[in-house]
Every structure is written in structure tokens, then in C-alpha cells.
Amino acid sequence: MTQTILEKIKAYKLEEIAADKAAVPLEEVEALAAAAPPVRPFADALLTASIENYGLIAEIKKASPSKGLIRADFDPSALAKAYEDGGATCLSVLTDTPSFQGAKQFLIDARAACDLPVLRKDFMYDTYQVAEARSMGADCILIIMASVSDAQAAELEDAATQYGMDALIETHNAAEVERALLLKSRMIGINNRNLNTFETSLDTTRTLSKHVPGERMIVCESGLNTAQDLADMARFGARTFLIGESLMRQEDVAGATRNLLANPLRAGGM
Ligand SMILES: O=C(O)c1ccccc1NCC(=O)[C@H](O)[C@H](O)COP(=O)(O)O
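Residues numbered from 1 in each chain as written. Predicted model: local features only at pLDDT ≥ 70, side-chain atom pairs only at ≥ 80, totals over all residues.

## A closer look at the site of the ligand
Taken together, 20 residues sit near the ligand, with Ser64, Ser66, Ser222, Gly244 and Glu245 positioned nearest. Put simply, the parts of the chain that give the shell around the ligand at least two residues each are strand 10 (240-243) and helix 11 (245-248). (Near = placed C-beta within 6 Å. Helix = DSSP H or I, 4+ residues; strand = E, 2+ residues; numbered from the N terminus.)

Structure, rendered in C-alpha cells:
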């Protein structure tokens, strides 16, 4: 039987975690996490930004399984600064190497170059990775409901909370939203990318947003290209966005980020 992309990623990730644990024992990672720079509030920053305008998690993404290489001229520090200058609220940094050409060092460099809170964008299965995320300086982790059980999700979320970090809970369908709501995290990600076909459709957010109660924050993820897309999604209750590829393909990343955040609803243009 052919494996799905998440199954393939999980297989190499579990090997990677075992190798990392052998190379750097948990106690050492925990000591590094305890010495890491203080946590920057991630969800709070998004909430504040989304009251005034939109919250934007701008992603530092070199490549992807669906698109291959996205940006050849890739300097995480410069990109982090450009995103901050353009008005992004938070950063997302891919640390997975085999599928996204990401690196742990990218997160460390990006965070050091700006004052924004940072999400470790990776496939999390083990609380060891949460300690590792904090040791790099991450302020938030991603929990993908499609790749973990309810018990694993709760365990990862608890570990993040113990470090004072936030967790973004990612969903792709109504059943996953229902499971995500059993957790405590405020941020419910709705990913518009179908992980089997890699196609993106904003209809996913249009459909799933009604399953998310008002006290949680919808983070609309993937396939967002224009300010109009954001305004469209805002009508469905999403005022916080996670955007990678469309910004990564721009020469002037700060300018493109600024243009994306020019909210036509606020300007009275809609
Ligand atoms: O981006 C992919 O091709 C991908 C494939 C398999 C699993 C996850 C994938 N992407 C992770 C993401 O969630 C996105 O990087 C993020 O939402 C930003 O999406 P985009 O703005 O479309 O780059």
C-alpha cells in the first residue's frame, strides 16, 4: 500500500528523534531549554494584532514537498527582519530538513534577528522535540491532529505549557476540529492544504470555521496569496493567517508583507 506524505514523514521523523536522543540526551536538552531566552508570548501577540487588524504568522520556508525549491536566495535572518519590517506578528520557521530543506539553526538565526515570537514548524511526536524547540528559543509548537492520537496531542500540549510556550493545533477536517477542541490551546489552525493531493482550497476554512467556537482563535493556514484572500477569510471568522509560499516568492518580502496586511475591510473598501 502506498504511504501518505504524513506516514512517510512520520517514519523518518521517528528515526531522527531516536538519533537525536542518542546524540543529545534529554537532560542536556532540558538544561539548554532552561537557559534559553525568555518566551515571547505568541498567541497573545496574535490576539492583539487581530483586534486591530489581522494577525500574521509569516513563514520562513525554503522548499516544500508540493513545490520543491521555493526560494534559492535564502537568508533566515534577513527574511525574519523583512517580515518584522513588513508588519508580521509572529514567525513560523520550518526546521524539518528532508521535506522542507529547513534547519534548527534557521530558527535560532531568525529569532535572534528580530523581536517576533517564533513557531517551530515541524512534525511533533515526542516531548523530546518540545524541549528541543524551547532550547532553540521557540515560543510555540505545532501539533498536527492528523499525525497524533488525542493522548499524544495532550502530552505535547502539556509539555509546551510547562515551558510557557503556546501550541498551534492544526486541523484538516471536522473530526480533527472536534478532537482539537478537547485540548486547551486557544489557537485552532485550519489548513487549506489537502495532504493527499497537496491542493489548497480556501473552501476548507469556509466549511470548518463554523465548527470552531468564538472563544478559540482560528488560524487560517496555506494557499493564501492576496489581501483579498484575507478579507474573504475574515468574513468566515479567521483574522489570523499563516502564510509561507506567496511571501517567500517575493523579491521585496517586507513590501509584500505590508501590502498583504493592507486590510480592505478596515479601509472601508469592501
Ligand atoms: O507545503 C507543503 O507542501 C506541505 C506538504 C505536506 C505537509 C505540510 C506542508 N506544508 C506545511 C504548511 O502547513 C505550510 O507550510 C503553511 O501552512 C504555509 O502554507 P503556504 O502559504 O501555502 O506555503
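## Some details on the UniProt feature "domain: Indole-3-glycerol phosphate synthase" (unreviewed entry) in the chain
Within this structure's numbering, the places UniProt gives as "domain: Indole-3-glycerol phosphate synthase" (unreviewed entry) are residues 6-260. Measuring from the first to the last C-alpha atom of residues 6-260 gives 30 Å, for a span that is 45% helix and 17% strand. (UniProt positions renumbered as here; feature names shortened; annotations may be inferred.)

## Some thoughts on the nonpolar core
Counting residues in hydrophobic clusters, the biggest one holds 76 residues, and the most contacted among them are Leu91, Leu119, Ile141, Ile143, Ile188 and Phe241. Counting residues per element, this core draws most heavily on strand 6 (residues 140-144), which supplies five residues. Leaving out residues up to four positions away in the same chain, isoleucine 188 has contacts with Ile169, Thr171, Val177, Ala180, Val212, Arg216, Met217, Ile218 and Val219. (Core = buried A, V, L, I, M, F, W, Y, C linked by C-beta atoms within 7 Å. Buried ≥ 20, exposed ≤ 12 C-beta atoms within 10 Å, placed from the backbone. Contact = placed C-beta atoms within 7 Å.)

## Focus on the packing of helix 4 (residues 76-86) against helix 12 (residues 253-260)
Two quantities define a packed helix pair, namely the angle between the helix axes and the distance between the axes. Put simply, helix 4 and helix 12 touch, their axes get as near as 7 Å, and they point 35° apart. Taken as a pair, helix 4 and helix 12 cross one another with a handedness that is right-handed. Across from Leu79, Ala82, Tyr83, Asp85 and Gly86 in helix 4, the residues of helix 12 making contact are Val253, Ala254, Gly255, Thr257 and Arg258. Split by residue class, the contact of helix 4 with helix 12 holds five nonpolar, three polar and two charged. (Axes fitted to C-alpha atoms, helices over the stretch in contact; angles between N-to-C directions. Left-handed = near helix turned anticlockwise from the far one by under 90°. Nonpolar A, V, L, I, M, F, W, Y, C, P; charged D, E, K, R; others polar.)

## Description of the sheet that holds strand 6
Within a sheet, neighbouring strands are paired by backbone hydrogen bonds and run either parallel or antiparallel to one another. Taken together, eight strands build a closed barrel; the order of strands is 1-4-5-6-7-8-9-10 and the barrel is parallel. Put simply, the sheet's adjacent strands are angled 25° from each other on average, direction ignored. (Pairing = 2+ DSSP bridges.)

## Side note on the pairing of strand 9 (residues 217-221)
Side-chain direction in a regular strand flips from residue to residue, so the side chains alternate between the two faces of the sheet. For strand 9, the tally of buried residues reaches five of five residues, placing the bulk of the element in the interior. Residues Met217, Val219 and Glu221 point to one face of strand 9 and Ile218 and Cys220 to the other, with burial holding for every one of them. Two strands pair when backbone bridges link them, and strand 8 (residues 187-191) and strand 9 are joined in this way by five bridges, in the parallel orientation. Looking across to strand 9, one finds that isoleucine 190 is bridged to cysteine 220.

## Some details on unusual backbone geometry
For glutamine 101, which is not glycine, the phi torsion reads 50° and is therefore positive. Relative to the helices and strands, glutamine 101 is located in the loop between strand 4 (90-94) and helix 5 (104-112). The phi dihedral of serine 222 is positive, around 75°, even though this residue is not glycine. Examined against the element boundaries, serine 222 turns out to sit in the loop between strand 9 and helix 10 (227-234).

## Things to note about the pairing of strand 4
Burial within strand 4 is extensive, with five of its five residues counted as buried. Here strand 4 shows no split at all, with Cys90, Ser92 and Leu94 on one side and Leu91 and Val93 on the other all buried. Here strand 1 (residues 55-60) pairs with strand 4 via four bridges, running parallel. Bridge pairing in strand 4 links alanine 58 to leucine 91.

## Points about the environment of tyrosine 125
Counting through the fold element by element, tyrosine 125 comes out in the loop between strand 5 (118-121) and helix 6 (127-136). Beyond its immediate stretch of four places on either side in the chain, tyrosine 125 contacts Lys10, Lys13, Leu14, Ile17, Val148 and Gln152.

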